[in-house]
Amino acid sequence: MTDVAGRTARNAVRTGRPTLAVVGATGAVGSVMLQILSQHADIWGEIRLIASPRSAGRKLAVRGEEVEVVALTEEAFDGVDVAMFDVPDEVSARWAPIAVAKGAVVVDNSGAFRMDPDVPLVVPEVNPHAVRVRRRGIIANPNCTTLSMIVALGALHAEFGLRELVVSSYQAVSGAGRSGVDTLRRQLSLVAGTELGTHPGDVRRAVGDDTGPFPEPVALNVVPWAGSLREDGWSSEEMKVRDESRKILGLPTLPVAVTCVRVPVVTTHSLTVHARFEGEVTVDKAREILATAPGVVLFDDPAAGEFPTPADAVGTDPTWVGRVRRALDDPTALELFVCGDNLRKGAALNTAQIAELVASELSAP
Ligand code: 2RA
């Protein structure tokens, strides 16, 4: 397949199996990406690891081999068919078009292109067809908070027709990268075994002024903030969940209300979801949909103490759904609790799945 820019498949045609570049290979998501590439069916020819010049020369394991990391330069994209980017927005904004100009299809996990009308925002279980309409040669991967719920919501929307969403997130610290994890672990070591958490400010005094990427202490606490300030008190993270859900589901005017909260969990985002649909819904039908939807595990038996939690969902691929109830005051609405590993489906796995869709086009006769 050739994209609108006419730049797609020329490298794969030359070399047989497509060449993959992982840009940002040494980061938190990059490490999970290398695990996933080692676990999935091996469809790639060369896998080239690319990172900032200060990481060049490091060796990382992928597919059971040590691969040397090369510095991010134009030449690093020579012969690359698909380039997966997990780097800050400004790095993607600069380098993704360069990779495209060198003949690669870019799958980008930054926020640089997600809302660009010429860039599809893809979740393979929900809108796989969108991958083919990539006028800039770039495909965007959604934010991890959106991804942690959207596979389950996409399945329910396909049957019931979504009309409104009200969600709250409970976001793990690894969403803020390695520094988020380091901050939580450091703070936990300072409060463990104490009686802290009983007086105003006692946790803050114990952990000190350096709260890492978070505005408040995260150990023994919850912080109703993620991202940066946007208009009228909304956070950038809340706007991402709203805008991205609308784009992925093809519902540009869907009413969406979001509150994003950081919690002292290392990895796996959770969300409570109030979803209103076109007509009356039943829990039985919702459970049937969720139990059979690809990429979803229904784990919902409160009488037996069964519902998903991050401690059990972490390190797994699916979206876990529990606490499925019909809204008490609205027969058209459902209440759900959802968990998804923010580094796997929330980042590396979805990116890899998109790259695999592109690779299947490149290999098609
Ligand atoms: C977070 N969703 O959890 C963000 C990362 N992309 O901070």
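Everything numeric here is computed off the predicted structure, so don't read it as measured data. (Residues numbered from 1 in each chain as written. Predicted model: local features only at pLDDT ≥ 70, side-chain atom pairs only at ≥ 80, totals over all residues. Heavy atoms only, no water.)

The next subject is the packing of aromatic side chains. Under the counting rule described, the total for this entry stands at four aromatic pairs. Both rings, one in Phe77 and one in Phe85, keep their centres 5.9 Å apart while their planes meet at 5°; by these two values the pair is stacked. Here Phe77 falls in the buried class, since its relative accessible area comes to 0%. Taking the relative accessible area as the measure of exposure, Phe85 reaches 1% and is therefore buried. Ring centres of Phe299 and Trp320 lie 5.9 Å apart, and the angle between their planes is 90°; this geometry places the pair in the edge-to-face category. Within this pair, whereas Phe299 is found in the loop between strand S12 (296-298) and helix H9 (310-313), its partner Trp320 is found in strand S13 (residues 319-326), the two being separated by 21 residues in sequence. Phe299 sits in the partly exposed class, given a relative accessible area of 27%. (Phe/Tyr/Trp six-rings, centres within 6.5 Å; stacked < 30°, edge-to-face > 60°. Buried < 20%, exposed > 50% of the residue type's maximum accessible area, 1.4 Å probe, protein only. Helix = DSSP H or I, 4+ residues; strand = E, 2+ residues; numbered from the N terminus.)

Strand order in the open sheet formed by six strands is S5-S2-S1-S6-S7-S8, and the pairing between neighbours is parallel. A single partner strand is all that each edge strand has here, and the edge strands are strand S5 (70-71) and strand S8 (138-140). By the bridge criterion, two bridges tie strand S2 (residues 47-51) to S5 in an arrangement that is parallel. Considered in S5, the bridge of Ile50 is made with Val70. Against the sheet, helix H2 (residues 28-39) makes contact with strand S1 (20-23), S2 and strand S6 (82-85), and its axis sits at roughly 155° relative to S1, the strand it touches most. (Pairing = 2+ DSSP bridges. Contact = heavy atoms within 4.5 Å. Axes fitted to C-alpha atoms, helices over the stretch in contact; angles between N-to-C directions.)

Moving on, we come to the sheet that holds strand S14 (residues 333-340). Hydrogen bonds between backbone groups are what pair the strands of a sheet, and the pairing can be parallel or antiparallel. Across the sheet, which stays open at both edges, the six strands sit in the order S10-S9-S11-S14-S13-S12 with mixed pairing between neighbours. Looking at strand neighbours, the two that pair on one side only are strand S10 (256-259) and S12, the edges of this open sheet. The mean angle between the axes of side-by-side strands here comes to 25°, regardless of whether they run parallel or antiparallel. One ladder, built from eight bridges, connects strand S11 (residues 269-277) with S14; its direction is antiparallel. Bridging across to S14, His274 finds its partner in Glu335. Where helix H4 (residues 144-160) meets the sheet, it contacts strand S9 (162-170), S11, S12, S13 and S14, and its direction lies at approximately 25° from that of S11. Lying on the sheet, helix H7 (residues 236-249) is in contact with S9 and S10; it crosses S10 at an angle near 145°.

Right, let's talk about the pattern of salt bridges for a bit. Following the criterion strictly, the structure yields 15 salt bridges and no others. One salt bridge connects Lys285 with Glu288, and the closest N-O pair in it is separated by 3.2 Å. With Lys285 and Glu288 both in helix H8 (residues 283-292) and three residues apart, the pair spans about one turn of that helix. You can call Glu288 partly exposed: its relative accessible area is 45%. (Salt bridge = Lys/Arg side-chain N within 4 Å of Asp/Glu carboxyl O.)

The biggest cluster of nonpolar side chains holds 59 residues, and the ones touching the most others in it are Phe85, Leu165 and Val273. No other element matches the nine residues that H4 contributes to this core. Three or more residues apiece are contributed to this core by two domains, here domain 1 (20-141 + 348-363) and domain 2 (146-172 + 222-340). Apart from residues lying up to four places away in sequence, Phe85 is in contact with Val23, Phe77, Ser92, Trp95, Ala96, Ala99, Val106, Val107, Asp108 and Asn109. Counting residues in each nonpolar core, the second largest holds 35 residues, with Leu37, Met84, Val107 and Leu362 among its members. (Core = buried A, V, L, I, M, F, W, Y, C linked by side-chain atoms within 4.5 Å. Domains from an automatic or database assignment.)

Attention shifts here to the domain arrangement of the protein chain. Taken as a whole, the protein chain is organised into domain 1 (20-141 + 348-363) and domain 2 (146-172 + 222-340). Using C-alpha coordinates to define each centre, domain 1 is positioned 27 Å away from domain 2. At the interface, 12 residues of domain 1 touch 13 residues of domain 2. Together domain 1 and domain 2 conceal approximately 1100 Å² of surface at their shared face, both sides included; 71% is due to carbon and sulfur atoms. The largest per-residue losses of area from domain 1 upon contact with domain 2 belong to Met115, Leu121 and Val126, which jointly make up 40% of the total buried on that side. On the surface where domain 1 and domain 2 come into contact, there are one salt bridge. (Buried area = accessible area lost by both parts, 1.4 Å probe.)

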